[in-house]
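Listed here are the chains, written in short residue letters.
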Amino acid sequence: MRERIQQAHALYCQLTGQRVSLGFDRERLWYELFRAGFNEADLQRVIRYLQREIREGRRNVGALKLSNLLQIDRFEEDLNISRVQLYSPKPAKPAPPPEPSSSQQQEAARQRALEILARFRAEQGW
């Protein structure tokens, strides 16, 4: 377990560009993380996710602090969020084009429009 913790800590330092000592308290945090069932692939996924969120301005750089990262509840939440895939809603089906009207319907509509226009002109005194 000790070797695994040292490797995970080295991976953390490599991915974040930090040089953080590995004291007893930090070893304990790593131990608890692994005991909770998380692994190095999870660690890498969460770090990449947090780095992306920080670049996009949605997270604070403090999210990558080792003491924050290794809090099991937060780690689990960040891991789960990193796996969420958001899908854009399916576009609504376009309305079907209006059915072509027959020439009789077109002529009737034309006559109604002419009648309305004639009434309007008569009311306006044109």
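That block above? That's the structure.
In what follows, the accompanying structure is described.

Each value, and the rule that gives it
Residues numbered from 1 in each chain as written. Predicted model: local features only at pLDDT ≥ 70, side-chain atom pairs only at ≥ 80, totals over all residues. Heavy atoms only, no water. Axes fitted to C-alpha atoms, helices over the stretch in contact; angles between N-to-C directions. Helix = DSSP H or I, 4+ residues; strand = E, 2+ residues; numbered from the N terminus. Parallel < 35°, antiparallel > 145°, perpendicular 65-115°, else oblique. Contact = heavy atoms within 4.5 Å. Nonpolar A, V, L, I, M, F, W, Y, C, P; charged D, E, K, R; others polar. Core = buried A, V, L, I, M, F, W, Y, C linked by side-chain atoms within 4.5 Å. Buried < 20%, exposed > 50% of the residue type's maximum accessible area, 1.4 Å probe, protein only. Polar contact = N/O pair within 3.5 Å; in protein donor to acceptor, adjacent residues only side chain to side chain. Salt bridge = Lys/Arg side-chain N within 4 Å of Asp/Glu carboxyl O.

1. Quick look at the packing of helix α1 (residues 2-16) against helix α2 (residues 24-35)
For the pair α1 and α2, interaxial distance at closest approach is 10 Å and the crossing angle is 100 degrees. Classified by the interaxial angle, the pair formed by α1 and α2 is roughly perpendicular. In contact with Arg-2, Arg-4, Ile-5, Ala-8, His-9 and Tyr-12 of α1, α2 contributes Glu-27, Trp-30, Tyr-31 and Phe-34. A per-class count over the contact of α1 with α2 returns 6 nonpolar, 1 polar and 3 charged.

2. Some thoughts on the nonpolar core
The biggest cluster of nonpolar side chains holds 23 residues, and the ones touching the most others in it are Tyr-12, Trp-30, Leu-43, Ile-47, Leu-50, Leu-69 and Phe-75. Mapped onto this core, the elements with two or more residues apiece are α1, α2, α3 (40-55), α4 (66-69) and α5 (72-83). Beyond its immediate stretch of four places on either side in the chain, Leu-50 contacts Arg-59, Ala-63, Leu-64, Leu-69 and Asp-78.

3. Focus on the side chain of Asp-42
Here Asp-42 is to be found in helix α3. Of note is the side chain of Asp-42, whose polar atom sits 3.3 Å from the side chain of Arg-83. Excluding residues within four positions of it along the chain, Asp-42 makes contact with Gly-37, Phe-75, Leu-79 and Arg-83.

4. Comments concerning the environment of Glu-32
Of note, Glu-32 is situated in helix α2. The exposure class of Glu-32 is buried, given its relative accessible area of 17%. Distance from Glu-32 to Thr-16, taken between C-alpha atoms, is 21 Å for residues 16 residues apart in sequence.

5. Considering the pattern of salt bridges
When their charged atoms lie close together, side chains carrying opposite charge are able to pair. By the definition in use, this model includes 8 salt bridges. In this structure, Glu-32 and Arg-35 form a salt bridge, with 3.3 Å as the shortest nitrogen-oxygen distance. With Glu-32 and Arg-35 both in helix α2, this residue pair falls 3 residues apart, about one helical turn. Between Arg-83 and Asp-42 there is a salt bridge, with its nearest N and O atoms 3.3 Å apart. Residue Arg-83 is found in helix α5, and its partner Asp-42 is found in helix α3; the two are separated by 41 residues along the sequence. Looking at Arg-83, the relative accessible area reads 43%, which means it is partly exposed. On the basis of relative accessibility, which here comes to 10%, the residue Asp-42 falls in the buried class. Sharing partners across several salt bridges, the network here consists of Arg-28, Glu-32 and Arg-35.

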